[in-house]
Amino acid sequence: MAAPKVAVVGAGVIGLSTALCISETCPSCSVTVLSDQFSPNTTSDVAAGMLIPHTYPGTPIHVQKQWFKETFTYLFAISHSAEASEAGIHLVSGWQVFKNTPKEELPFWSDVVLGFRTMSKAELQKFPQHQFGQAFMTLKCDCPPYLLWLEKRLKATGVQMYTRRVADLWELHSEYNVVVNCAGIGAHQLVGDKELFPVRGQVLKVHAPWVKNFIRDGDGLTYIYPGIHRVTLGGTREVESWSLSPDPGTTKDIFDRCCSLEPSLRRAQDIKVKVGLRPSRWCVRLQRDVLSQGGVKLPVVHNYGHGAGGFSVHRGTAKEAARLVGECIAALQVSSSRAKL
């Protein structure tokens, strides 16, 4: 068969990474990214981009760890390359603090991040409201630069990108051999996934260059994540809220919570408010599927539903999605050669 045509629907971190992995593992493919929104208008642009995994109850822990490890390894290599600044990737040290000692003192990802250890009593004096903590170094992606860097990489490998609203995956069947669904929260409507729901996140991006260390409250709700140019303060987890309008009361609440962890933030300036809808479900949907109408079949690979943890596992899930695309193409080639016989 001619060079297989693959469409990736969605241009957030999951869509762009998946398109890149497909172009790397299947150079004979023609890959196109279709999305109604590109950076800076995607949910990924709002994300803090910290590599601290979120746990998916419906996905085996060893699988989640593999996704995280592959992502960490990939970004760590970029972080000590000449492209680190352009890609917006840097190492950052800090603390995860708990008001009560957690049941699991060693999270599954503790040996993937760097220098993971329990905080000393002296360190905990910085956080009088907390009685237990963990110190480690991890990676942070400044999201808009990273998305633009991915787009640049895609263009260099010949991937096409078009602004297009896809209302139904089936509409692509006459143009593409395989379709990859990385639509994020858009999959709720696109494929009618009732298990997918929004978790609204509101964050503040502030100018506070003196803040060098990340601080994360153990429940993950309050956090301070320093980036290359701005510090991200968060956050909220509003289940089933579809509102993209910033809420002034929430802004004050986030700011006050973060200042209680790091009082110097009271002097922060140029506060910008961002809102995104995390595409959440019991587990990431990462699987092959087939759509068929009137005897015509369209192979589909789904890769969405990463919720709050997309950046932490994006490269790992993209590699797996690319592998599934390879399986779809191999199956198409077998049926194509059979048809010739």
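All figures in this text were calculated on a predicted structure; none of them were measured in a lab. (Residues numbered from 1 in each chain as written. Predicted model: local features only at pLDDT ≥ 70, side-chain atom pairs only at ≥ 80, totals over all residues. Heavy atoms only, no water.)

Chemist: Explain unusual backbone geometry here, please?
Modeler: If a residue is not glycine, its phi is most likely negative; likewise, a peptide bond is most likely trans. Cis geometry marks the peptide bond from Ser39 to Pro40; its omega dihedral reads 15°. Mapped onto the secondary structure, Pro40 falls in the loop between strand E2 (30–35) and helix H2 (61–79). The omega angle of the peptide bond from Gly234 to Gly235 is -5°, so this bond is cis rather than trans. Phi angles above zero are rare outside glycine, and Asp270 is one such case at about 55°. Here Asp270 lies in strand E13 (residues 269–280). Residue class for Asp270 comes out partly exposed when judged on its relative accessible area of 44%. (Helix = DSSP H or I, 4+ residues; strand = E, 2+ residues; numbered from the N terminus. Buried < 20%, exposed > 50% of the residue type's maximum accessible area, 1.4 Å probe, protein only.)

Chemist: Would you explain the nonpolar core in this entry?
Modeler: The tendency in soluble globular proteins is for nonpolar side chains to be buried side by side. Counting residues in each nonpolar core, the largest one holds 65 residues, and the members touching the most others are Val33, Leu75 and Tyr146. With 9 residues, the single largest contributor to this core is helix H8 (residues 310–340). Each residue touching Leu75, except ones within four places of it in the same chain, is listed here: Leu51, Ile89, Leu139, Cys141, Tyr146 and His314. Ala135, Val206, Ala208 and Ile224 belong to the second largest nonpolar core, which has 21 residues in total. (Core = buried A, V, L, I, M, F, W, Y, C linked by side-chain atoms within 4.5 Å. Contact = heavy atoms within 4.5 Å.)

Chemist: Please explain H2 as it appears in this structure.
Modeler: Structurally, the α-helix is built with 3.6 residues per turn, so residues lying three or four positions apart point the same way. Helix length check: H2, at 19 residues, gives a terminal C-alpha distance of 26 Å against a target of 27 Å (1.5 Å per residue), a fit within 8%. Taken residue by residue, H2 has Gln64, Trp67, Phe68, Thr71, Phe72, Tyr74, Leu75, Ile78 and Ser79 as its buried positions. What you see down the axis of H2 is that its buried residues fit within an arc of 165°, all on one side. Residues of H2 that are exposed and point more than 90 degrees away from the buried face comprise His62 and Thr73. (Expected span 1.5 Å × (residues − 1). Arc of directions from axis to C-beta.)

Chemist: Got a minute to help me understand the UniProt feature "binding site: FAD" (unreviewed entry) in the chain in this structure?
Modeler: The UniProt feature table records "binding site: FAD" (unreviewed entry) at Thr43, Ser44 and Val166. Its location among the elements puts Ser44 in the loop between E2 and H2. Relative accessible area serves as the criterion here: at 11%, Ser44 is assigned to the buried category. In this structure Ser44 touches Gly12, Val13, Cys143, Leu147 and Phe311, once residues within four positions along its chain are discounted. Of note is the side chain of Ser44, whose polar atom sits 2.9 Å from the backbone nitrogen of Val13. Mapped onto the elements of the fold, Val166 is located in the loop between strand E6 (160–163) and strand E7 (178–181). Of the residues examined, Val166 reaches a relative accessible area of 12% and is grouped as buried. (UniProt positions renumbered as here; feature names shortened; annotations may be inferred. Polar contact = N/O pair within 3.5 Å; in protein donor to acceptor, adjacent residues only side chain to side chain.)

Chemist: When you look at the side chain of Arg257 in this model, what are you seeing that I'm missing?
Modeler: Secondary-structure assignment places Arg257 in helix H7 (residues 248–261). At 2.8 Å, the side chain of Arg257 and the backbone oxygen of Gly235 are in polar contact. Every residue in contact with Arg257, bar those within four places of it in the chain, is listed here: Leu221, Thr222, Gly234 and Gly235.

Chemist: What am I meant to see in the state of the cysteines here?
Modeler: Linking two cysteines covalently via their sulfur atoms produces the bond known as a disulfide. Counted under the stated rule, the structure contains 1 disulfide. Disulfide pairing places Cys26 opposite Cys29 at an S-S distance of 2.4 Å. A torsion of 65° about the S-S bond marks the disulfide between Cys26 and Cys29 as right-handed. When sorted by exposure, Cys26 lands in the same class as Cys29, which is buried. (Disulfide = S-S within 2.5 Å.)

Chemist: Help me understand the UniProt feature "binding site: D-dopa" (unreviewed entry) in the chain, please; the structure alone is not making it clear to me.
Modeler: Here the UniProt-annotated "binding site: D-dopa" (unreviewed entry) positions come out as Tyr223 and Arg278. Position of Tyr223 among the secondary structure elements: in strand E10 (residues 223–226). Aside from chain neighbours lying at most four places away, what touches Tyr223 is Ala48, Val203, Ile215, Arg216, Thr232, Leu233, Gly234, Gly235, Cys258 and Arg278. For Arg278, the contacting residues outside a window of four places in its chain are Ile185, Phe197, Pro198, Val199, Arg200, Gly201, Tyr223, Thr236, Arg237, Gly307 and Ala308.

Chemist: Is there a simple way to think about the pairing of strand E14 (residues 285–293) in this case?
Modeler: Here 9 bridges tie E14 to strand E15 (residues 296–304), and the two strands are oriented antiparallel to one another. Paired with Gln287 across the strands is His302, a residue of E15. Hairpin connection between E14 and E15: a loop of 2 residues separates the two successive antiparallel strands, and Gly294 in this loop has a positive phi of roughly 55°. (Pairing = 2+ DSSP bridges.)

Chemist: I would appreciate a short explanation of the pairing of E10 in the present structure.
Modeler: The alternating pattern of E10 places Tyr223 and Tyr225 on one face and Ile224 and Pro226 on the opposite face, and all of these are buried. Where strand E9 (residues 214–217) and E10 come together, 2 bridges link them in antiparallel fashion. Counterpart to Arg216 in the pairing with E10 is Tyr223. As consecutive antiparallel partners, E9 and E10 are separated by 5 residues, and within that stretch Gly220 has a phi angle of approximately 80°, a positive value. Note that E10 and strand E11 (residues 231–234) share 4 bridges and pair antiparallel.

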